[in-house]
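Residue-level structure breakdown
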Amino acid sequence: MYAEIIVLRNHANLDQLFTYTVPLNLEAVITVGSRVMVPFGGESLEGVVWHLAHETSVEAAKLKAILFCFEPTLSLPETLLNVTAFMKETYLSTHAEVLQLLLPTGTLVEAVQQYTFITDEPLAHTKATPSIKQLASWIQDAGVCEENMIDIPFSQALVKRNLKQLVALNVLSEKTVYVQKVKDRYVSRYHAEDITDQTRASIPAHYHAKHRALDYLIKHPDGKLSVLREGARISKSVIDWLKHDGLIKVTEVEDRRMPSFMESVSAKKSVQLSPDQTTVVGAVRKHFLEAPTMPVLLRGVTGSGKTEVYMALIDSMLKVGRRAIYLVPEIALTPQMVSRLAKRFGASRIALMHSKLSAGERFDQWKAMREGSVDIVIGARSAIFAPIDNIGIIIIDESHEHSYRSERRPKFDTYEIAKYRALQEKALLIEGSATPSIDSVHEVLNGRRQMFALEKRYNVHEPPKPEIIDMRQELTAGNRTILSRRLYEAIEERLERGEQSIIFLNRTGHSTFVTCRSCGYTLTCPNCDITLTYHKHENKMSCHYCQYESFVPRNCPSCGSSYFKHFGVGTEKLEETLKKFFPHATIGRMDRTTTSRKGSFEAILERVETEEIDILVGTQMIAKGLDFENVTLVGIISVDLLMNMPHFQAGEMTYQMVQQVSGRAGRGALPGEVILQTYQPEHYAINCETYHAFYEHEIALRQRLNYPPFCRMVNLLFLSRSEATAEDYAEKTFQYLKANLFKKDLHSMVEIFPAHPALLKKIDGNYRFQVLMKVQSEGYEAVKGWVDKLQTRFVSISDCKINIDLNAKNIL
DNA sequence: AGCACGCCGACT
DNA sequence: GTCGGCGTGCTC
């Protein structure tokens, strides 16, 4: 028997099937989708079986045998092999690249050559070079060794060559051993030894980091090393010092526990649907019977009970023996979803899948799914690759969220994969949102999706309409602070009435930067050519794109002026300002810094819930899901940065954000108020009365400017260490494409823009130039073909890489 | 991609 | 004679 295999090495040259013979002992276990180890050009690699055959056209001399086959529960189901092929086609990636995304833990084992010393006797009879002699004696001392352990001052290539010779001379014996790759199942824990005041006194006071570390250790003598690092805000070097001086003991502990919320199994609770929900569930069921391949869009604001509808639909699928995939936009939302579904269907039937699972957990979840013992898979976007069969329903909750698009290669869109899987399994695909994306609604209006609405909010007021404050007028009136007079008064009112406020600060597209007031010089990253972001806590500047960090100079490096100040508002600055204005109020802050520690997110929520916090300041994090009855005011500090992003979806994103944040006010008996500050009070994204009005405005704009959904944006990015090279390739490609598109009579369907530097011209030492095309759907396949050819050509070009985005959204 | 193989120049 | 560097071509 022969097996045709895709090897898991991501390179265009290797993206083909390689044929191997199946040894007799594996014939019974091997299947299509099996994960195997195979010999491949001097080494051994992991591969996935694509076909099994009884014949082959490959000459016998070339064929090698499969070395090893992993257990059946690790193999890929055939449906996922189809998904792989689909993704390769759709995103022009390699099989290996897609497979690495789908498989639970990359490569599981590694084959290593092991050498044992036998005798140096043959060396006496041959002329041995100095490097051979040295190698032989090194291994004689070591006894047994692996190649990468050998430490002698000769090139790796030479060591390799010499090892072969020594084996041929019978000086060494050679053996292949399989090394289990270290899996992420272990976690480093520390235990603090006795730390006394004496210890602390011995450290000079100006060693702030060391003192932070000791203070932290006194409070938390045991814990995870990573938590210590974050909690005490210390670097690796301080950890090393602690270890070296014996202040902590570090041990590797196996970390295989299941996510804790998975353990509690609750009794099933029967649910009473509201009339609206019952109607929608019935309508969706009917629709599925009549048009099973047409996806469903469920419109309904937060709190309208979409989840109940999903659960009812899942229930009916489970009853006929089919399974469900439930996707949520963020990993943070999975626990609450799991517990809700566990209460209804029982925890043992649920699997969890997302990128933050430890290798052990992921492994366990994968096995459970593969064995068929779970019926519902919940997770973030990667859960769309759940290795389950017989899917009856795929749910994409809050489908407008941008996290459903992967920004890493392969740049997939979860909806596209979901649609493919739903079609393959004849399953119902249902997406839900309060503010559906323009694309979704456009599809509905074109008869490609079916919309159902669930509009009523229960026990909740309609989301209040924002009151728009013109910040330009604030400036003319002499108010230079970030709070408008109106918002100030509104907060003050809440404080007097004992109600709570949420102040939202949009940070998307926002940076806190340092600039010279005298000459305008701004600190930028030397690698990426973008503005460095200021972090007050560490008093450091850092780059968002690479790891570059720098201290803040006292004076301007350009003109020497001391008017060198940081600008822009961060949550910290906002919190400070509020403290100054309302010294008696309790202010809570929620952003990435304050919630990095485990449980701190919940702790802050708790303080809001118990009404200890009067004013909650925060970023995106507080935009969704928070449900507090006593919050009657939402202030939005500025939407301008979002509105003005260099992005065709800026309007859509602004609208969605404002809707979401506004929904946080007036969720209880008291009506809510939303105050929105801006420098462009007339902007359409904040002035539409209804979603429908917004859609009409936005879609007209998209059509006029020829943006998606009226075209596909295909972006070609050229990367090179040299600016001239990147520009050159971009320019040549532009000319080439332009000439060929005209020849092929595609020019009426493709708008091509000249080569130009990307907005972020340099990232991590690479210069970036791009060529953008807007492609009408009739011309898309042809353009894709051209682009694919282009990509193949670039395989052999070493000084310039091409990065293709066939469905570009943000072009930075 | 990784790795052998082979040729050339440098160095002992 | 030995070794490192780099360009080329192949991997079932």
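Residues numbered from 1 in each chain as written. Chains lettered and ligands numbered in written order. Predicted model: local features only at pLDDT ≥ 70, side-chain atom pairs only at ≥ 80, totals over all residues. Heavy atoms only, no water.

Basically, it comes down to this: UniProt positions are given in the numbering used here, feature names are shortened, and annotations may be inferred rather than shown by experiment.
Going by the annotation in an unreviewed UniProt entry, the name recorded for chain A is Replication restart protein PriA, with Fusibacter paucivorans given as the source organism. Among the UniProt annotations of chain A, the heading Sequence similarities (unreviewed entry) holds the following wording: "Belongs to the helicase family. PriA subfamily." UniProt's Function (unreviewed entry) comment on chain A is quoted here verbatim: "Initiates the restart of stalled replication forks, which reloads the replicative helicase on sites other than the origin of replication. Recognizes and binds to abandoned replication forks and remodels them to uncover a helicase loading site. Promotes assembly of the primosome at these replication forks."

1. A short note on the protein's contact with DNA strand C
For clarity, the cut-off: A molecule or strand has a residue near it when one of that residue's heavy atoms lies within 4 Å. N or O atoms closer than or at 3.5 Å make up a polar contact, with two conditions inside protein: a donor-capable atom paired with an acceptor-capable one, and, for residues adjacent in sequence, both atoms drawn from side chains. Helix and strand labels come from DSSP, where a helix needs a run of H or I of at least four residues and a strand needs a run of E of at least two; each type is numbered from the N terminus.
Of all residues adjacent to DNA strand C, which total 18 residues, the nearest are Thr19, Lys62, Lys64, Ser131 and Ser155. Each atom of DNA strand C within 4 Å of the protein was classed as base or backbone; sugar and phosphate made up 72%. Here a phosphate oxygen of DNA strand C and a backbone polar atom of Pro39 are 3.4 Å apart. With respect to DNA strand C, the backbone of Ser155 contributes an N or O atom lying 2.8 Å from a phosphate oxygen. Counting only elements with at least two residues in the surface near DNA strand C, the list comes to β2 (18-21), β3 (35-40) and α4 (130-142). Looking at the surface near DNA strand C, the element that brings in the most residues is β2, giving 3 residues.

2. Here we look at the protein's contact with DNA strand B
Rule in force here: Lys, Arg, Asp and Glu make up the charged group, whereas Ala, Val, Leu, Ile, Met, Phe, Trp, Tyr, Cys and Pro make up the nonpolar group; the residues left over, Gly among them, are polar.
By nearness alone, every residue bordering DNA strand B is listed as Arg9, His11, Asn13, Leu14, Glu43 and Lys160. At the protein interface, 65% of the atoms of DNA strand B within 4 Å belong to sugar or phosphate. Between DNA strand B and His11, the relevant distance is 2.3 Å, taken from a phosphate oxygen to a side-chain nitrogen or oxygen of the residue. Interatomic distance of 3.5 Å between a side-chain N/O atom of Asn13 and a base nitrogen of DNA strand B. Its residues assigned to classes, the surface near DNA strand B shows 1 nonpolar, 2 polar and 3 charged.

3. Here we look at the sheet that holds strand β1 (residues 2-7)
In plain terms, the rule: Pairing between strands is defined by DSSP: at least two bridges between them are needed. For this analysis, residues touch if any pair of their heavy atoms sits within 4.5 Å. Fitted lines through C-alpha atoms give the axes, limited to the stretch in contact for helices. The angle between two N-to-C directions lies from 0 to 180 degrees.
What the 6 strands build is an open sheet, ordered β5-β2-β1-β4-β3-β6; its pairing is mixed. Each end of this open sheet is capped by a strand with a single partner; those strands are β5 (64-65) and β6 (68-69). Here β1 runs beside β2; their pairing, made up of 4 bridges, is antiparallel. Each bridged residue has a counterpart across the sheet, and for Ile5 the counterpart in β2 is Phe18. Across the sheet, helix α2 (residues 95-102) touches β1 and β4 (43-53), and the angle it forms with β1 is around 85°.

4. Points about the confidence of the model for chain A
Note the threshold: The predictor attaches a confidence to each residue, and that confidence, scored 0 to 100, is pLDDT.
For chain A, the average pLDDT comes to 86, and 90% of its residues sit at 70 or higher. Note on residues 254-258: pLDDT is under 50 here. Beyond four places in sequence and across chains, it has 16 contacts.

5. Focus on the side chain of Glu652
The condition is simple: Think of it in three bands: with a 1.4 Å probe and only protein chains considered, a residue is buried below 20% of the maximum accessible area for its type, exposed above 50%, and partly exposed in between.
Here Glu652 lies in helix α21 (residues 650-662). By relative accessible area, which is 3% here, Glu652 ends up buried. Once you skip the residues sitting within four places of it in the chain, Glu652 turns out to touch Ser437, Ile438, Phe694, Glu698 and Arg702.

6. Describing a nonpolar patch on the surface
For clarity, the cut-off: Only residues whose relative accessible area exceeds 30% and that form no salt bridge are eligible for patches; like-charged ones are grouped when within 9 Å, while nonpolar side chains (Val, Leu, Ile, Met, Phe, Trp, Tyr) are grouped when within 5 Å. All accessible areas in this document rest on Shrake-Rupley with a 1.4 Å probe, and a residue is counted as covered only by the protein chains that are shown. The salt bridge definition used is simple: a Lys or Arg side-chain nitrogen within 4 Å of an Asp or Glu carboxyl oxygen.
A contiguous nonpolar surface patch, about 260 Å² in accessible area, is contributed by Leu67, Phe68 and Tyr178. For Tyr178, the location among the structural elements is in strand β9 (residues 172-180). For Tyr178, a relative accessible area of 38% puts it in the partly exposed group.

7. Quick word on the environment of Val783
Within the fold, Val783 resides in helix α24 (residues 777-794). Judged by relative accessible area, Val783 falls into the buried class, the value being 1%. For the pair Val783 and Leu746, spaced 37 residues apart in sequence, the C-alpha to C-alpha distance is 8.6 Å. With sequence-adjacent residues up to four places away left out, Val783 is seen in contact with Leu741, Val750, Met773 and Val775.

8. Quick notes on the packing of aromatic side chains
The geometry of an aromatic ring pair is captured by the separation of the ring centres together with the interplanar angle, meaning the angle of the planes. Our working definition: Stacked, tilted and edge-to-face are the three classes assigned to paired rings of Phe, Tyr and Trp, where Trp is represented by its six-membered ring and a pair needs centres within 6.5 Å; plane angles under 30 degrees give stacked, over 60 edge-to-face, the rest tilted.
Evaluated as defined, the whole model comprises 15 aromatic pairs. Ring geometry for Phe385 and Phe412: centres 5.2 Å apart, planes at 65°, overall edge-to-face. Note that Phe385 is positioned in the loop between β16 (376-379) and β17 (391-397) and Phe412 in the loop between β17 and α14 (414-425), a separation of 27 residues in sequence. With a centroid separation of 5.9 Å and an interplanar angle of 75°, the aromatic rings of Tyr736 and Trp786 are classed as edge-to-face. Within this pair, whereas Tyr736 is found in helix α23 (residues 723-743), its partner Trp786 is found in helix α24, the two being separated by 50 residues in sequence.

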